[in-house]
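Next come the chains, spelled out residue by residue.
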Amino acid sequence: MFLENKANRNQKKGWIEGGSMFSGKTEELLRRIRRAEFANQKIELFKPAIDTRYDETEVVSHNESSRVSTPVNSSSEILLYINMSEVQVVAIDEVQFFDDGIVEVCNQLADAGIRVIVSGLDMDYKGVPFGPMPRLMAVAEYVSKQHAICTRCGDLAQFSYRIVPNQQQVLLGEKDAYEPLCRHCFDEAMNNTED
Ligand code: ZN
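Heads up: these notes are all about the structure in this document.

Reading the values: the criteria
Residues numbered from 1 in each chain as written. Predicted model: local features only at pLDDT ≥ 70, side-chain atom pairs only at ≥ 80, totals over all residues. Heavy atoms only, no water. Helix = DSSP H or I, 4+ residues; strand = E, 2+ residues; numbered from the N terminus. Buried < 20%, exposed > 50% of the residue type's maximum accessible area, 1.4 Å probe, protein only. Contact = heavy atoms within 4.5 Å. Areas by Shrake-Rupley, 256 points an atom, 1.4 Å probe, with all protein chains shown as cover. Core = buried A, V, L, I, M, F, W, Y, C linked by side-chain atoms within 4.5 Å. Pairing = 2+ DSSP bridges. Right-handed = clockwise from strand over helix to strand, strands pointing away. Donors = N, O, S within 2.8 Å, 3.2 Å for Na, K, Ca; no water. Tetrahedral: all angles 85-135°; square planar, octahedral: opposite > 155°, others 65-115°. Phe/Tyr/Trp six-rings, centres within 6.5 Å; stacked < 30°, edge-to-face > 60°. Expected span 1.5 Å × (residues − 1). Lys, Arg positive; Asp, Glu negative; His and termini not counted. Salt bridge = Lys/Arg side-chain N within 4 Å of Asp/Glu carboxyl O. Polar contact = N/O pair within 3.5 Å; in protein donor to acceptor, adjacent residues only side chain to side chain.

### Some words on the overall build of the chain
- A tally of regular secondary structure across the chain gives five helices and 12 strands.
- Among the 195 residues that make up the chain, the fraction classed as buried is 46%.
- Taking all contacts inside the chain whose residues are at least 6 apart in sequence as the whole, residues at least 24 apart take part in 70%.
- When the accessible area of the chain is evaluated, it comes to approximately 10,000 Å², of which 48% is carbon and sulfur surface.

As structure tokens, this is what we get:
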């Protein structure tokens, strides 16, 4: 579905594509990057500096493939690292942690003819749309949702239920702090938590 777009190299046309997923989202991002690499495209990969769960600079998926990335503190920093006329693909992992400016940055890159691949969690642990994700999904040309499997009933899961008690929206450093749940099991779990 996502072409490496080699034929149009002289006539650069950019776009934004994104995945919002619970598990497998980083793996999917790395898969798309590998395909672009096979097409000899120039790629830059970024992640928010606060996300150092697995590694300081590498983006590491759950099944432990990885690629070196540039950690940045804010969305505007991304533009400082990019040579717009050289780079063909910009990939951003854990994009939900970025400030709202990330939407404009992605638009600017796509307008300049760059393929922008973003990956992030669409909802936080309360089931509320996460940071800039709703706006990013609105401006993206292509959005795919990759669901996990509900650990309680086996249906498709799109909610991340927090297993450890904590009220902060951003909780890092704990790989196993979340359980993928379907809407029904998530509602049930949230009701039990409130009791
Ligand atoms: Zn379920």
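There is more to say after this.
### Focus on the nonpolar core
- In terms of nonpolar packing, the biggest core is built from 25 residues, with I78, I92 and I102 touching the most fellow members.
- Counting residues per element, the ones that place at least two in this core are strand 6 (89–92), helix 3 (102–111), strand 7 (115–120) and helix 4 (133–139).
- By residue number, the principal contributor to this core is helix 3, which donates six residues.
- Setting aside residues up to four positions removed in sequence, I92 forms contacts with L29, L45, F46, I78, F98, I102, C106, I117, V118 and S119.
- With 12 residues, the next largest nonpolar core counts A148, C150, A157 and L181 among its residues.

### Description of the pairing of strand 7
- Taking burial as the measure, the six residues of strand 7 include six buried ones, the bulk of the element.
- Alternating residues of strand 7 divide into R115, I117 and S119 and V116, V118 and G120, and every residue in both groups is buried.
- Pairing analysis gives four bridges linking strand 6 to strand 7, with the strands arranged parallel. In the strand pairing of strand 7, V89 is matched with R115.
- Read as a crossover between parallel neighbours, the route from strand 6 over helix 3 to strand 7 is right-handed.

### Quick look at the coordination of the zinc ion
- Within the protein, C150 (SG), C153 (SG), C182 (SG) and C185 (SG) serve as the donor atoms for the zinc ion, at 2.3 Å.
- Because the angles between the four donor atoms bound to the zinc ion fall within 102 to 118°, the donor set is best described as tetrahedral.
- For the zinc ion, all donor residues lie on one chain, and their spacing in sequence is C-x2-C-x28-C-x2-C. One end of the pair, C150, is in the loop between strand 9 (148–149) and strand 10 (156–157); the other, C182, is in the loop between strand 12 (178–181) and helix 5 (183–194), and 32 residues separate them in sequence.

### What to know about the packing of aromatic side chains
- This structure, assessed with the given rule, holds five aromatic pairs.
- Note on F97 and F130: the rings are 5.8 Å apart at their centroids and 85° apart in plane angle, and the pair reads as edge-to-face. Separated by 33 residues along the polypeptide, F97 in the loop between strand 6 and helix 3 and F130 in the loop between strand 7 and helix 4 bring together distant segments of the chain.
- Under the relative-accessibility criterion, F130 is labelled buried at 4%.
- For the pair Y161 and F186, a centre-to-centre distance of 6.4 Å together with 85° between the ring planes defines the contact as edge-to-face. One end of the pair, Y161, is in strand 11 (residues 159–162); the other, F186, is in helix 5, and 25 residues separate them in sequence. When sorted by exposure, Y161 lands in the same class as F186, which is buried.
- Through a chain of ring-to-ring contacts, the aromatic side chains of F159, Y161 and F186 assemble into a single cluster.

### Regarding helix 1 (residues 25–38)
- With 14 residues, helix 1 extends 20 Å between its outermost C-alpha atoms, agreeing within 8% with the 20 Å of an ideal straight helix rising 1.5 Å per residue.
- Among the residues trailing helix 1, N40 stands out with phi positive, at a value near 60°.

### Quick notes on the environment of C185
- Checked against the element boundaries, C185 lands in helix 5.
- Accessibility expressed as a relative area gives 6% for C185, which makes it buried.

### Details of the side chain of D124
- For D124, the location among the structural elements is in the loop between strand 7 and helix 4.
- Nearest to the buried, unbridged D124 among oppositely charged side chains is K126, at 6.5 Å.
- At 2.9 Å, the side chain of D124 forms a polar contact with the backbone nitrogen of K126.

No statement about biological role is implied by the geometric values presented.
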